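# Working through the structure, step by step
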Amino acid sequence: MPDVDTQRMPRGVRRSSPRQFLLWILPWCALLAFGLYGAGLCLVKGLNQTNMDNRFAFGLWIFLDLTVIALGAGAFFTGFLLYIFKKNELKAVINSAVVIGFICYSGAVAALLVDVGQPLRFWFTFWHPNVHSMLTEVTFCISCYLTVLFIEYIPILLKNRKMRQVPSFLVFEFELHKLMPVLAGVGTFLSFFHQGSLGGLYGVLRARPFAFREGFAIWPSTFFLFILSAAAAGPAFILLTTWLVSKISRKPLVRPEVLPLLGRISGILLLAYILLKAIDTLVWINSTSPARGFAAHQFYAWKPFGAWILFVEIVAFGLLPALILLRRRLRQSTPWLVSAAGLVCLGIATNRFVLTIQTLALPTLPFDRFLTYLPSWQETATFLAVAAYGVLVYSLSFRYLTLFPQEKDLSC
Amino acid sequence: MNTTSSRPGTKPARYGMAVDLDRCTGCGACMIACAVENNVAPAGPDATPRTGITWMRVYQISNGAPFPDSRAAFVPILCQQCGKDTPCAAVCPQEAVEVDPATGIVDQMPQRCLGCRYCMTACPYHARYFNWWDPRWPPGMEKTLNPDVAPRMRGVVEKCNFCHGRLHAARDRAAAAGRRELLPGEYVPACVEACPAGAMVFGDLDDAASEVARLARDGHSFRILERLGTEPKIYYRTARPWVRQAATQQRKETANA
Amino acid sequence: MLSHIVFLGLFYSVLAVVSATVGLSLFRAVQDFRARRTEAICWQATFPDLPARGRVCRHELTGEFRHRTCDKAFDCRECQTHAALAARHPPGPGEPDIFGLNFPLDRFYHRGHAWAHPEPDGTVTVGLDALGARLVADPEATELPAVGAHIQTNGAAWHVRKRGADVRVLSPLDGEVVATGGSQHGWYLKVQPDGGRFDARHLLRGAEIRPWIARETERLQSALDPTSQALTMADGGVLMDDLATGHPEADWDAVCSEMFLQP
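Residues numbered from 1 in each chain as written. Chains lettered and ligands numbered in written order. Predicted model: local features only at pLDDT ≥ 70, side-chain atom pairs only at ≥ 80, totals over all residues.

What follows deals with helix H8 (residues 180-203) of chain A. A turn of α-helix holds 3.6 residues, and therefore any two residues three or four places apart point the same way. Residue and element names in this part refer to chain A. Over its 24 residues, H8 extends 34 Å from the first C-alpha to the last, a length consistent with the 34 Å expected when each residue adds 1.5 Å. The axis of H8 is deflected most strongly, by about 25°, at Ser 197. Within H8, 18 of the 24 residues are buried, leaving the element largely enclosed by the surrounding structure. (Helix = DSSP H or I, 4+ residues; strand = E, 2+ residues; numbered from the N terminus. Expected span 1.5 Å × (residues − 1). Bend = angle between axes of the 7 residues up to and from the residue. Buried ≥ 20, exposed ≤ 12 C-beta atoms within 10 Å, placed from the backbone.)

Here it is in structure tokens:
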């Protein structure tokens, strides 16, 4: 006998009992509460609650913001491949990708509002935009894109079993869905620019020869490298999350050919990225850095960030998973596929880490020193709040909305 | 980069400084004078060297030799008022940094600052400081506040602006005397005025007759991180080769805890 | 200045495009309401959410295709492929007894298990076929439309409630309800078709019924017991009159939503 809870779930799929679900979400709610407390301290008492300082003006939050935005790129890229390239196999994961994208971007924006010293002044950027600044570009694009993601989330909400009983919701959803390729195109355009500008943030820093890069017109090479790495990371993260959700819910959610397809897409883009990144690194070592008066190897003389980190980023977490994902035999094996996807995501995180934390740790003034930074518990708590928020939104979406349309087909 | 228009009827100046490292004793009077002039709040109990606000900050360098050949020198670092591709102005998303074409001074507008700290990562000289706390003056010390300078709130970035309050006061005095132009020495930042060794010289770099322009052209003068191409306007002078080397070249050091 | 114009121009263009998209969707939705296309659109919007096994083309059932999924939401009146195939191979007569269930030959059958029978006076009688009747035998409630109400093809014709399952039976035609009956009458609605014409192109008839019902009983079997691998029907076995009573452990809402095409 369907009860109030079951009546709100998609038909034809099994979900855990309300008690089991409650047991699942309670610890995440507790984590969210704890994290909100940490964030609240930062908002009320000021950013002295963090371990950031005048040398480490960017810390854990910026690093994690960049990482989750890169991982959330799966939303735009899957949308692009599905609605514009007509790769219909991706219908199996597009809803999940949109929800993940929404979570990643809304979480990053929330973390950013805690990160800035005067959150209530966020609108100043829109009123006095500095069109030459990469950060202005990021602000505009991410605001627009979050709106687009929210609009893309609405149809998924409207198709909820209870919601779709209201005819006007369904008719609106139908009309909106007809224009989805437009939104996918806008999303791709916006993502191209903000993923790139996030890379541009560091590439333009003349003061930081470790991060500074030449490029094309106003755009340093990091602009393009970030776009490519985000496009590679997005499908890998979707692969990883789909597998994880499938494992936790103990049900097949997508047909067996979907995950290897995501892996192949990720592998191809990752290989292209690694090649370009290798070229860029060589150019930087041989030309850009010396031109600014620094031999590149000098940067890697500071412990603990030796040259091993370069190797890890490009080879261990880059070339290696790319080669794994490009072999069909290995893609068919789930342990190889999922491990490679995990390595890809770690590689993207390493790249973002290098550009934020390592860049700031390295001295600029000749008589300056290498600095260390470890986040305070309030900083960590804030980000755990974002993670908990993400898990809660995703869990609720998975329970009450159709995130995986193939689940019904696979349930018998 | 947002810029205001030049003051009509006056020749634009390019204010800069020449700091003689051979005279600097590291006494720190410039640091104190700067803080007092510009209403920088005393550091709270939780402040560290990396979270305190020091628009002027004196660094100590050494020649690295063991005793008895070890030598020290002192390098006062303040905002270098970068004249070309000013890094902080280029990156501020709200245009809260303005390079004044009439004076060449890089102005920070704390009332527009969002506190994103991007400018701080962009500044090669670490000359920008963030208000990690609300400013608090212990009871009685509020009497030391300078009424010509606005204090800043928590969550915004601030930095040296060549004592803008003194520039305005000097212009007012000149206007009261019927002049549009400032006389040499009429406008002097607090640090320059306070230095007991007379190590700092301030003036218009574009005025060929001024002492600072003459010192800047001198063979002993150099600028820090010149190769980054930001055209800083603070010239440092020393006759000692090891000081010049220490101030311009990087040496390998192990990690700082 | 130019970079300012370019940057802000792009930003406002993007905002304009996004607002226009949402605005246009809202506008079209309102238009759809005014034109009373709501029912048809609701069906079109939810049809892709049916599992693939529920969207099999009638021409795959008859063996004309190895594998084909309907892309017209079961509205064969719009389908070029159906028009071509129906012209070349119209279905043969078929037989009335299908696996012990009675499917009279003079009726047209909707994929949602409603049947339509054109009467001499121009009206069309609509009822629930033998399989449908066994799924919702002895319902807790039946909600029929009022006389004078308008029903649309693939829209809701009437609602039935059985053991917690809220079933809407799909209408086989467009028209105005002139009389209502019930399970005791053997028919549910008498309908005056729109424009005086009864278009039955999208409905199954004759020799299409047997392969359709064969596939339906397979779907029913797996809906009743999702974990079983068996796809065969016992020979000589006939479905019980009240399937719900015979399968007390089954999720009847899930079974009915599968069989009555309710995603």
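Contact with chain A, which involves 33 residues of that partner, is made by 35 residues of chain C. Here the element with the most residues in the side of chain A that touches chain C is helix H7 (residues 167-178) of chain A; it accounts for nine residues. Classifying every residue of the side of chain A that touches chain C gives 21 nonpolar, six polar and six charged. (Contact = placed C-beta atoms within 7 Å. Nonpolar A, V, L, I, M, F, W, Y, C, P; charged D, E, K, R; others polar.)

How big an interface is tends to be expressed through the accessible area that disappears when the partners come together. On the chain A side, the residues contacting the 54 residues of chain B number 40 residues. Secondary-structure elements contributing two or more residues to the side of chain B that touches chain A are strand E2 (57-62), helix H2 (87-91), helix H3 (118-122), strand E6 (128-130) and helix H7 (241-248) of chain B. No other element matches H3 of chain B, which puts four residues into the side of chain B that touches chain A. Partitioning the side of chain B that touches chain A into residue classes produces 28 nonpolar, 15 polar and eleven charged.

Residues and elements named next belong to chain C. In spatial order, the strands read E6-E8-E9; together these three strands make up an open sheet with antiparallel pairing. On the outer flanks of this sheet lie strand E6 (141-143) and strand E9 (165-170), each paired with one strand and no other. Sheet twist, expressed as the average angle between the axes of neighbouring strands with direction ignored, equals 20°. Direction of pairing for strand E8 (residues 156-162) relative to E9: antiparallel, over a ladder of six bridges. Counterpart to Trp 158 in the pairing with E9 is Val 169. Contacts between helix H8 (residues 252-259) and the sheet are confined to E8 and E9, with E9 contributing the most and set at about 10° to the helix. (Pairing = 2+ DSSP bridges. Axes fitted to C-alpha atoms, helices over the stretch in contact; angles between N-to-C directions.)

Across the sheet, which stays open at both edges, the four strands sit in the order E8-E1-E10-E9 (chain B) with mixed pairing between neighbours. Edge positions in the sheet fall to strand E8 (200-204) and strand E9 (221-222) of chain B, since each has one partner strand and no second.

Now for the packing of H7 of chain A against helix H2 (residues 38-46) of chain C. At a minimum axis separation of 9 Å, H7 of chain A and H2 of chain C run at an interaxial angle of 65°. Judged by the sense of rotation from one axis to the other, the crossing of H7 of chain A with H2 of chain C is left-handed. Residues Pro 167, Leu 170, Val 171, Glu 173 and Phe 174 of chain A of H7 of chain A form the contact with H2 of chain C, whose participating residues are Thr 38, Ile 41, Cys 42, Gln 44 and Ala 45 of chain C. Residues of the contact of H7 of chain A with H2 of chain C, tallied by class, amount to seven nonpolar, two polar and one charged. (Left-handed = near helix turned anticlockwise from the far one by under 90°.)

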